[in-house]
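Spelled out, the chains give:
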Amino acid sequence: MISLLQHHTFALPAFATSLIRIEQLDELNQVDWHTPFIILGEGSNTVFVDDFHGQIIQIANKGISVNETDVSYIIEASAGENWHNFVNYCVEQGMCGLENLALIPGTVGAAPVQNIGAYGVEVKDVITKVCGFNIVTGKQQVLTNEECKFAYRDSIFKHALLGKFIITSVEFELKKEWQANLSYGPLQSLQTPTAQQVMDEVIAIRSSKLPDPKLQPNSGSFFKNPIVSNVLAQSLLEKYPSMPSYFVSDKQIKLAAGWLIEQANLKGYKIGGVEVSEKQALVLINSDGAVNKDLLAMITHIQKAVLAKFGVALEHEVRLIAKSGETKVEAPTCHK
């Protein structure tokens, strides 16, 4: 058995049968895929809420290559590269377009799975293809952007290819003709900024809101921003005119989960060793030797409180891993 305490940033006590670190792609051919497994990068979006009865496959391959066309930079990054370091590398090299996604924890390989997004940008906007190892066929496979079926915090890697595909590298296209994306409120104060200035501002904003997991164990934004019907959103806006809301379609509006949790008076709320961050209500912190039951109770409490106050069901964004694999704390769908 191997301790997983240092392998997920929420740092709950848990064990797995074994951990296999993949640094070269041919090592994937040596894995016994008949044994239950979980794919892991840096563990920033994964929480082990129980001992896992299987093997952890940690993707740790490295490497970045760049090709140019007249209009674009084509960049292929290995799945094990740290995401923020990769963003920083691109900006330093004058390859712009990822700066709004700076300081998001995790690896390059994890980015397409979640279709990570922040400050007006989603990674699907710049991904051209995802390369990986198909466990079923035992061969390398390349997926186009369209084949990845990207959606809000979602992709084919969470559905049809879950447990069947190991991302080994991601290809990005960054246009040479660049324009800053300042659609997110706090960025609008920037006047004709460089990509470096946008990245610096994003880092400053994120640092002011999100605790460093090395100092306060956490998994970043814990809940998805809920997408609700236009009818529900309008009724809530009549009652709460200052409620943040974002247009999705004529029928759907996205709400800010952090705002909903904060308005439910849950900032600083504690259950056992788990606390809702005072800085950002969307973040749960392992503040005092938390155990799995503390976290599961907190997730349920938040879901029930937000549903009772707003009629909105929250879904956790962070992966929860139990004995036999991924599990979910289902959001209640009706008032108790």
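How each quantity is defined
Residues numbered from 1 in each chain as written. Predicted model: local features only at pLDDT ≥ 70, side-chain atom pairs only at ≥ 80, totals over all residues. Heavy atoms only, no water. Phe/Tyr/Trp six-rings, centres within 6.5 Å; stacked < 30°, edge-to-face > 60°. Helix = DSSP H or I, 4+ residues; strand = E, 2+ residues; numbered from the N terminus. Buried < 20%, exposed > 50% of the residue type's maximum accessible area, 1.4 Å probe, protein only. Salt bridge = Lys/Arg side-chain N within 4 Å of Asp/Glu carboxyl O. Pairing = 2+ DSSP bridges. Axes fitted to C-alpha atoms, helices over the stretch in contact; angles between N-to-C directions. Core = buried A, V, L, I, M, F, W, Y, C linked by side-chain atoms within 4.5 Å. Contact = heavy atoms within 4.5 Å. Disulfide = S-S within 2.5 Å.

Caption draft 1: Expanded view of the packing of aromatic side chains. In total, this model carries twelve aromatic pairs according to the counting rule given. For the pair Tyr-240 and Trp-259, a centre-to-centre distance of 6.0 Å together with 75° between the ring planes defines the contact as edge-to-face. One end of the pair, Tyr-240, is in the loop between α4 (230–239) and β15 (245–247); the other, Trp-259, is in helix α5 (residues 257–263), with 19 residues separating them in the sequence. Both residues of the pair, Tyr-240 and Trp-259, belong to the buried class. Grouped by ring-pair contacts, the aromatic residues Phe-10, Phe-222 and Phe-223 constitute a single cluster.

Caption draft 2: Region of interest: the pattern of salt bridges. Across all of its chains, the model carries twelve salt bridges by this definition. Here Asp-50 and Lys-323 are joined by a salt bridge, their closest N and O atoms 2.7 Å apart. With Asp-50 in the loop between β4 (46–48) and β5 (52–59) and Lys-323 in the loop between β20 (319–322) and β21 (325–327), the pair connects residues that are 273 residues apart, well separated along the chain. Take Lys-323: its relative accessible area is 40%, and that puts it in the partly exposed class. Between Lys-124 and Asp-125 there is a salt bridge; the shortest N-O distance is 3.1 Å. The exposure class of Lys-124 is partly exposed, given its relative accessible area of 28%. Overlapping salt bridges, with partners in common, bring together Glu-122, Lys-124, Asp-125, Arg-153 and Glu-317 in one network.

Caption draft 3: Geometry of the sheet that holds strand β2 (residues 15–22). On the basis of which strands lie adjacent, the open sheet formed by four strands has the order β1-β2-β5-β3 and mixed pairing. Pairing within the sheet leaves two strands with one partner each, and these edge strands are β1 (2–3) and β3 (37–40). Pairing of β1 with β2 involves two bridges; the strand directions are antiparallel. Paired with Ile-2 across the strands is Ala-16, a residue of β2.

Caption draft 4: Just the environment of Glu-275, in detail. Mapped onto the elements, Glu-275 comes out in strand β18 (residues 274–276). Residue classification places Glu-275 among the buried positions, given a relative accessible area of 18%. Glu-275 sits twelve residues away from Ser-287 along the chain, and the two C-alpha atoms are 6.2 Å apart.

Caption draft 5: Structural view of the sheet that holds β4. Ordered in space as β4-β20-β21, the three strands form an open sheet in which the pairing is mixed. Edge positions in the open sheet fall to β4 and β21, since each of these has one partner strand only. Strand-to-strand, the axes of this sheet are offset by a mean angle of 40°, without reference to chain direction. Bridge count between β4 and β20: three bridges; the pairing is parallel. Note on β20: the bridge partner recorded for Val-47 is Leu-320.

Caption draft 6: Quick look at the nonpolar core. With 54 residues, the main nonpolar core has Trp-33, Trp-83, Phe-86, Leu-98, Val-123, Phe-157 and Phe-172 as its most contacted residues. Breaking this core down by element, the ones donating at least two residues are β5, β7 (72–78), α1 (83–92), β10 (127–134), β12 (165–175) and α3 (195–209). Counting residues per element, this core draws most heavily on β12, at six residues. Once residues lying within four places of it in the same chain are set aside, the contact partners of Phe-172 are Tyr-73, Ile-74, Ile-75, Ala-77, Trp-83, Phe-86, Val-108, Val-123, Val-126, Ile-127 and Thr-128. If you look at the next biggest cluster of nonpolar residues, it comprises 40 residues, including Phe-10, Leu-12, Val-49 and Phe-222.

Caption draft 7: View of the environment of Ile-271. Its place among the elements puts Ile-271 in strand β17 (residues 270–271). Measuring from C-alpha to C-alpha, the distance between Ile-271 and Ile-299 comes to 10.0 Å, with 28 residues separating the pair along the chain.

Caption draft 8: Layout of the state of the cysteines. Summed over all chains, the structure comprises zero disulfides. Here Cys-148 stays unpaired: no disulfide links it, and the sulfur of Cys-131, its closest cysteine neighbor, is 9.6 Å away.

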